[in-house]
Amino acid sequence: MFQRVVSTIVLGMLLACSVLVAELRAQNLQAEQPDTTDNVVRVIRFVGNDNVKDNTLATLIRTHTNREFLGIPRFTPWYFIWKLTKRFGEPPAYLVPQTVSTDMERIRRYYESVGYLEASVDTNIVEFSPDKVEVSFLIDEGQRSYVQTISYSGMPSFPDQELLPDFYMDSELTRRQRNDTTFTVNRPFSENALNNERNRIINFLKNNGYASIQRDSVLAQIKRDPADRHQLDVLFYINPGRIYYFDDLYINLQGPDTETNYDQADTLNGPPLTTSDKKIYIQKEQEAQTRFSLLTDQLLFKPGDVFNNNRYVRTVNEFQNLGMLNIREFGLSRDGSLPDYSQQDIPVLFSLQTLPKHSFNFNLFGLRRYGFGSGAGVTYTNNNLFGKAENLQVSLNGSFEYVGSETLQNLDTTFGGGDQLFRSYEVRGDYSLPRLIFPFTALNDDLFFSNSRTQYSLSLARSNQLYFDVNSDVRFNLRYVVNHSDRFTSFLDLIELDVLDSDPSAQFRQSLIQQFDTTSFEYRRLLEDFRPQVSSILRYTFRSQNTDLIQRDHGYYSEYSAALGGNIPYLVDRHIVTPDTVEGNLPSPARISNNSLSYSRFFKFTADYRRYIPLSNNAVFAYRGFAGYAQPFGGSNTIPLNQRFFAGGSNDIRGWDFNSLGPGGIAVEGTPPVVGGEIKLIGQAEVRQTLISNFLSADWIGGLFTDAGNVWYGPRNSFRGDQSQDLLNEGKFYADEFYKQIAVGSGVGLRLDWEYLIVRFDFAFRVHDLAPNEGWFTNKKLYFSFGIGHSF
């Protein structure tokens, strides 16, 4: 069966590739270069590149072989298809002498840019069989040059005596200071590093009043040491120009209509909005339904202040991040034209237009879990509720799923009865403000916290499902989001409350009784987890990233969080419900549930790091490491079910169903769902190779992956039997045993990349299966998973 599946996939790939390349060949024949030879480039070599990798040089040149499958040298199936058919596949990659000559110069310039100033490049082209050639680039790297010192000439003085010395010492180039403007470097010469330093000088001066400085205002002179020609001294000549100030500010706000009729205006001057005699002129349309104060709240500079380009650009970002308007025009002039640097004061213009205030969104969807179902939802959005960019969303979603009796029997033979219809619905409201509120209001004036939002959410959900019914699930969240920069983001969930009233379904309860005794551990444990409960979370999350979150083909992504749970129910229990007495449960607020609500106190930490390393122009190596730890405290013995860690699924450890793996050595297929753990470790690695480009408007990407990990009960989690024995022992984390309980899945996959959407198909084997009577390489079954986006 597996061989038939793989054969079908491979045949489909080859056929798709053939059609695509036939189209490309037709285009290439029309634009064939006149200096192309009849020789086909089959091998490209680099000789003498002791300090630069082949892959780096390969990205520089335009001479190429035909595309190699999975990077295997000379394995070019698409070219061989073309040879057989002369119509389908990929036409031969012919040798173009002019391109080879240009490639030599590209390689030489690259070597020069990284410090090999005397490098030379030659080529050797060998015809090793008729019409097939090997192109060798022969490189003489020479000796690498180093920068001894760096100096700065022409930097202006500032009232703050520490500003300039701090700027010098913040450089990646400067080390030990020799005098006021000269510093020891002692690092390899790099054009990129010097360009970065020039940009740093320009940005520093632009942010301290020197608005007219340009790239040609900062020149770098490189001088060789007479005693050693490979030792260099760098001197930056700086012509900063004169200092500038912000002049009057003009803000125009148009309504959502295209016609302009400004019927409201205001002129503001004096502290705290301006200095000296400068003014802010605001005019807007009544249809914009926006307060004047919203516009002035976004300003991070004052007319009359010394020019600061960073504050000006950040103000533009502040307007963009409101989410209820577009910026039609902005600039450093009265009319948005180029700045006039002949005047010392620079006016600023922001021309804005609001978006439509009200919108409705309807959606229909299908679903497939145990059976087949459908759902619908409607969302109302008001993006400027009270005139200060407040965003309100109210949504109602519902769904149903039909599961036949035969499917139920296949899922669990103890399930009786006929067909089942499962229903669910959710009502949700979200409200957000474009600023921080109490107790963090004072941070709004800090540039590091200027791009921020305060978000409220409240939801009510009910559903009946296969294994349990959710009588009510009420959630409230107060979150602060701060985008410190393009790379760094902070999330603070100050209050996250969840009141969950759930019961095992009648079929599930009957299944438990038939599979286990009512006095058994499994029966008692699962009923314990489905008790009505209330949980609260105080959580801080820090995210750092410099990758494209869709393509994930370079850079990294990391996220770290720390949380404290259960303190709000504990304080209510101890000081309000039963003063000075801790009972461990609360009455249901507002009669949301007829049951009392249990709670647990705990802390929780997570760390998630992902790295994406380009191997070539069309291949990426990606890896991920995740660690999570949670522990109850203050008399609590368990973590709430919705705060535990789970393992398995298409975005986790592939080869296992969603949340079906662990804890520890507990892995019995076909039993009721396992209940997660307090410790989680995961390692994932994946190689992604583009197989076909732009076929059906998508890139077809092949993948080889391996996932490993599990979840475990924590050391404080206990569930005692009649003899006081710990019934969770088999699933607990032990330093000398956990590595034996690492599940490993590995396989191949296909991704269809439409630039803004990636559809993923994965086929995995359980390399290390934890189920009874299984182990390493014993399970030959192939497991399929489907996902949207890359797995990590």
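**With respect to a negative patch on the surface**
Together, Asp160, Glu162, Asp166 and Asp170 make up a negatively charged patch on the protein surface. Relative to the helices and strands, aspartate 170 is located in the loop between helix H5 (163-169) and strand S5 (182-188). Looking at aspartate 170, the relative accessible area reads 59%, which means it is exposed.

**Things to note about the environment of glutamate 285**
Examined against the element boundaries, glutamate 285 turns out to sit in the loop between strand S10 (279-284) and helix H7 (292-297). Using a relative accessible area of 2% as the deciding quantity, one classes glutamate 285 as buried. Considering only alpha carbons, one finds glutamate 285 and glycine 255, 30 residues apart in sequence, at a separation of 5.9 Å. Filtering out sequence-adjacent residues up to four positions away, glutamate 285 remains in contact with Leu253, Gln254, Gly255, Glu259, Thr260, Asn261, Tyr262, Asp263 and Gln264.

**Focus on the pattern of salt bridges**
All chains considered together, the criterion is met by 31 salt bridges. For the salt bridge of glutamate 105 with arginine 108, the shortest nitrogen-to-oxygen distance reads 2.8 Å. Taken as a pair, glutamate 105 and arginine 108 lie in helix H4 (residues 97-113) at a separation of 3 residues, close to a single helical turn. Using a relative accessible area of 39% as the deciding quantity, one classes glutamate 105 as partly exposed. A salt bridge links glutamate 112 to arginine 108; its shortest N-O distance comes to 3.3 Å. Within this pair, glutamate 112 and its partner arginine 108 are both found in helix H4, separated by 4 residues, close to a single helical turn. Look at glutamate 112 and you get partly exposed, because its relative accessible area is 21%. When its relative accessible area of 26% is taken as the criterion, arginine 108 is described as partly exposed. Here the salt bridges do not stand alone but share partners, grouping Arg654, Glu686, Arg688, Asp707, Arg751, Arg760 and Asp762 into one network.

**Remarks on the sheet that holds strand S2 (residues 120-129)**
Within a beta sheet, neighbouring strands are joined by backbone hydrogen bonds and run either parallel or antiparallel to one another. Ordered by their spatial adjacency, 3 strands build an open sheet running S1-S3-S2, and the pairing between neighbours is mixed. Sheet topology places strand S1 (40-47) and S2 at the edges, where each strand pairs with a single neighbour. When strand polarity is set aside, the average angle formed by the axes of neighbouring strands in this sheet is 20°. Of the strand pairs in this sheet, S2 and strand S3 (residues 132-140) are connected by 9 bridges, and their pairing is antiparallel. The residue bridging threonine 123 from the neighbouring strand is phenylalanine 137, located in S3.

**Observations regarding the side chain of aspartate 762**
Inspection of the secondary structure assignment puts aspartate 762 in strand S29 (residues 758-768). Side chain to side chain, aspartate 762 and arginine 751 meet in a polar contact 2.7 Å long. With residues up to four places along the chain from it excluded, the contact list for aspartate 762 reads Arg654, Phe705, Val748, Gly749, Arg751, Tyr783, Phe784 and Ser785.

**With respect to the environment of tyrosine 431**
Mapped onto the secondary structure, tyrosine 431 falls in strand S16 (residues 420-433). Considering only alpha carbons, one finds tyrosine 431 and leucine 385, 46 residues apart in sequence, at a separation of 9.5 Å.

**Remarks on empty space enclosed by the protein**
Evaluated as defined, the whole model comprises 3 cavities of 30 Å³ or more. By volume, the largest cavity amounts to about 110 Å³. Surrounding the largest cavity, 13 residues form its lining, Arg531, Gln533, Ser598, Thr638 and Pro640 being those nearest its centre. The residue makeup of the lining of the largest cavity, split by class, is 5 nonpolar, 4 polar and 4 charged.

**With respect to the confidence of the model for the protein chain**
When pLDDT is averaged along the protein chain, the result is 86, and 88% of the positions lie at 70 or above. Note on residues 1-34: pLDDT is under 50 here. Beyond four places in sequence and across chains, it has 34 contacts.

**Thoughts on the nonpolar core**
Within the largest apolar cluster, 27 residues are counted, with the highest numbers of intra-cluster contacts made by Leu249, Ile251, Phe319, Val348, Phe350 and Leu352. Sorting the residues of this core by element identifies strand S8 (245-254), S10, H7, helix H8 (309-320) and strand S12 (345-354) as the ones contributing at least two each. The residues touching leucine 249, leaving out its near neighbours within four places in the chain, are Lys279, Ile280, Tyr281, Leu299, Phe301, Pro303, Val348 and Phe350. Ile150, Tyr168, Phe183 and Val218 belong to the second-largest nonpolar core, a separate cluster that totals 25 residues.

**Describing the pairing of S29**
With 9 of its 11 residues buried, S29 lies for the most part within the structure. Of the pairings in the sheet, the one linking strand S28 (residues 743-753) to S29 comprises 10 bridges and is antiparallel in character. Each residue of the ladder has a partner; that of glycine 749, found in S29, is aspartate 762. The turn linking S28 back onto S29 is made up of 4 residues, and glutamate 755 within it adopts a positive phi angle of 70°. Across 7 bridges, S29 lies against strand S30 (residues 782-788) in antiparallel orientation. Directly across from arginine 760, in S30, lies its bridge partner glycine 787.

**Some remarks on unusual backbone geometry**
Excluding glycine, a negative phi dihedral is what most residues carry, and trans is how most peptide bonds are arranged. Residue proline 439 is reached from phenylalanine 438 by a cis peptide bond, and omega for that bond is 10°. Following the sequence through the fold, proline 439 ends up in the loop between S16 and strand S17 (452-464). Cis geometry is found at the peptide bond from glycine 662 to proline 663, where omega equals 0°. Mapped onto the fold, proline 663 is located in the loop between strand S25 (619-632) and strand S26 (679-695). We note that leucine 696 has phi near 55°; this positive angle belongs to a residue other than glycine. Mapped onto the elements, leucine 696 comes out in the loop between S26 and strand S27 (698-712). One non-glycine residue, serine 697, adopts positive backbone phi at about 65°.

**Observations regarding the packing of aromatic side chains**
Using the criterion set out here, one finds 39 aromatic pairs in the structure. Ring plane angle 45° and centroid distance 5.7 Å describe the contact between tyrosine 79 and phenylalanine 80, whose orientation is recorded as tilted. Considering the side-chain rings of tyrosine 111 and tyrosine 116, the 5.6 Å spacing of their centres and the 75° angle between planes classify their relative orientation as edge-to-face. Side by side, tyrosine 111 and tyrosine 116 carry an identical accessibility label, which is buried. Three or more aromatic residues joined by ring pairs form one cluster here, namely Tyr152, Phe158, Phe167, Tyr168, Phe183, Phe204, Tyr210 and Phe236. The ring of phenylalanine 167 is capped by arginine 200, whose NZ or CZ atom sits 3.9 Å from the centre of that ring. Just above the ring of phenylalanine 626 sits the side chain of lysine 680; from NZ or CZ to the centre is 5.4 Å.

Thresholds applied
- Residues numbered from 1 in each chain as written.
- Predicted model: local features only at pLDDT ≥ 70, side-chain atom pairs only at ≥ 80, totals over all residues.
- Heavy atoms only, no water.
- Patch = residues over 30% accessible without salt bridge, like charges linked within 9 Å, V, L, I, M, F, W, Y side chains within 5 Å.
- Areas by Shrake-Rupley, 256 points an atom, 1.4 Å probe, with all protein chains shown as cover.
- Salt bridge = Lys/Arg side-chain N within 4 Å of Asp/Glu carboxyl O.
- Lys, Arg positive; Asp, Glu negative; His and termini not counted.
- Charge placed at Lys NZ, Arg CZ, Asp CG, Glu CD.
- Helix = DSSP H or I, 4+ residues; strand = E, 2+ residues; numbered from the N terminus.
- Buried < 20%, exposed > 50% of the residue type's maximum accessible area, 1.4 Å probe, protein only.
- Contact = heavy atoms within 4.5 Å.
- Pairing = 2+ DSSP bridges.
- Axes fitted to C-alpha atoms, helices over the stretch in contact; angles between N-to-C directions.
- Polar contact = N/O pair within 3.5 Å; in protein donor to acceptor, adjacent residues only side chain to side chain.
- 1 Å grid on protein atoms, 1.4 Å probe; cavity = no way out; pocket = protein on both sides within 12 Å on 5 of 7 lines; lining within 4 Å.
- Points joined across faces, edges and corners; volume = space filled by probe spheres on them.
- Nonpolar A, V, L, I, M, F, W, Y, C, P; charged D, E, K, R; others polar.
- pLDDT = per-residue confidence, 0-100.
- Core = buried A, V, L, I, M, F, W, Y, C linked by side-chain atoms within 4.5 Å.
- Phe/Tyr/Trp six-rings, centres within 6.5 Å; stacked < 30°, edge-to-face > 60°.
- Lys NZ or Arg CZ within 6 Å of the ring centre and 35° of its normal.

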